[in-house]
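So you can see what is in the structure, the chains are spelled out below.
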Amino acid sequence: MFPTKTEKARDELQAGQRTLSQRERALLLMADGRRSLTDFSPLFPSRVEAEQAIQGLMQRGYLQDARPAPVQPAPAPTPVPAAEPIQVATSADSFDGKRSLATTRMFLFDICERMFVRRDPRFANQMRDALREARDREAMLTIAALMLSEIEKAAGPERADSLRERIDKLLPLAETVH
């Protein structure tokens, strides 16, 4: 399944519209007909929950499957030249400030600019939009998970883990309820 936005979803994503949760809005931002359920899974604790969220949005008219089931096998893809390696310096720019959503947002914007603008401009625009709308820790974690998933695919788990550690140092700690 490759979900894509419906007109109802585009209306929801317009400024001033807020009927869905931040996680559901993140799914709508990412739904471009090119990403499959596997790409949305990092947003949720399990693949089953990701599938349920997508199915729920489809049933409510926000998403539709962009690709019908193939009738015959597709031709072999044309080889694509290897992309230039991703380079991000994380140890050179130490951070000694206090944890905040603003600092986390700026770090994620920086990652977006460095890693996605040339490689995947549509994804970069989606992440920028999501970052502008993120208002809490959960929203930042959702966006970070999407970005780290793409980074892991492009640059490997070590790079994603080093960025994940940095994000964990910047993001405010979760509030505990006593």
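Reading the values: rules and limits
- Going along each chain's sequence as written, the residues are numbered from 1 onward.
- Where local features are concerned, this predicted model is filtered to residues with pLDDT of at least 70; where side-chain atom pairs are given and counted, the filter is 80 or more; whole-chain, interface and lining totals use all residues.
- Each side-chain value is worked out from all heavy atoms of the structure, with water and hydrogens disregarded.
- For helices, the fitted axis covers only the stretch in contact; all axes are lines through C-alpha atoms, and the angles between them, taken along N-to-C directions, range from 0 to 180 degrees.
- Strands here mean DSSP runs of E at least two residues long; helices mean DSSP runs of H or I at least four residues long; both are numbered from the N terminus.
- An angle below 35 degrees is treated as roughly parallel, one above 145 as roughly antiparallel, one from 65 to 115 as roughly perpendicular, and anything else as oblique.
- Each crossing gets its handedness from the near helix: less than a right angle anticlockwise from the far helix is left-handed, clockwise is right-handed.
- Should any heavy atoms of two residues lie within 4.5 Å, those residues are counted as being in contact.
- Multiplying 1.5 Å by the helix residue count minus one yields the expected span of that helix.
- We call a residue buried when its accessible area falls under 20% of the maximum for its residue type, exposed when it is over 50%, and partly exposed in between, using a 1.4 Å probe and counting protein chains only.
- Counting of polar contacts relies on pairs of N or O atoms within 3.5 Å, with two restrictions inside protein: one atom must be capable of donating a hydrogen and the other of accepting it, and residues adjacent in sequence are counted only when both atoms are side-chain atoms.
- One confidence number per residue, pLDDT, is output by the predictor and ranges from 0 to 100.
- Asp, Glu, Lys and Arg are counted as charged, while Ala, Val, Leu, Ile, Met, Phe, Trp, Tyr, Cys and Pro are counted as nonpolar; the rest, among them Gly, fall into the polar class.

## Remarks on the packing of helix 7 (residues 137-155) against helix 8 (residues 157-170)
Okay, so step 1: In the contact formed by helix 7 and helix 8, the axes pass within 7 Å of each other and the chain directions differ by 155°. By the criterion of interaxial angle, the relationship of helix 7 to helix 8 is roughly antiparallel. Considering only the axes of helix 7 and helix 8, their crossing is right-handed. Along its contact with helix 7, which presents Ala 144, Leu 148, Ile 151, Glu 152 and Ala 155, the element helix 8 presents Pro 157, Arg 159, Ala 160, Leu 163, Arg 164 and Ile 167.

## Some points on helix 7
An α-helical segment advances 3.6 residues per turn. Residues three or four places apart therefore align on the same side.
Okay, so step 1: Along its 19 residues, helix 7 runs 25 Å from first to last C-alpha, staying within 8% of the 27 Å computed at 1.5 Å per residue.
Okay, so step 2: Inspection of helix 7 places Ala 139, Met 140, Thr 142, Ile 143, Ala 144, Ala 145, Leu 146, Met 147, Leu 148, Ser 149, Glu 150 and Ile 151 among the buried residues, and these make up the whole buried set.
Okay, so step 3: Each element contacted by the buried residues of helix 7 is listed here: helix 2 (22-30), helix 3 (37-40), helix 5 (101-115), helix 6 (121-133) and helix 8.
Okay, so step 4: The positive-phi residue at the C-terminal boundary of helix 7 is Gly 156, with phi of around 100°.

## Describing the side chain of Arg 128
Okay, so step 1: Along the polypeptide, Arg 128 turns up in helix 6.
Okay, so step 2: At 2.4 Å, the side chain of Arg 128 and the side chain of Asn 125 are in polar contact.
Okay, so step 3: Every residue in contact with Arg 128, bar those within four places of it in the chain, is listed here: Phe 109, Cys 112, Glu 113 and Val 117.

## Re the confidence of the model for the protein
Okay, so step 1: Taken over all residues, the pLDDT of the protein has a mean of 79, while the share at 70 or more is 79%.
Okay, so step 2: Of all the helices and strands in the protein, helix 3 carries the lowest mean pLDDT, 76, while helix 6 carries the highest, 90.

## Considerations on the packing of helix 6 against helix 7
Okay, so step 1: Relative orientation of the contacting elements helix 6 and helix 7 amounts to 165°, with a least axis distance of 10 Å. Judged on the interaxial angle alone, helix 7 and helix 6 are roughly antiparallel. For the crossing formed where helix 6 meets helix 7, the hand is left-handed. Contact with helix 6, carried on its side by Phe 123, Met 127, Ala 130 and Leu 131, involves Met 140, Ile 143, Leu 146, Met 147 and Glu 150 of helix 7 and no other residues of that element.
Okay, so step 2: Classifying every residue of the contact of helix 6 with helix 7 by side-chain character gives eight nonpolar, no polar and one charged.

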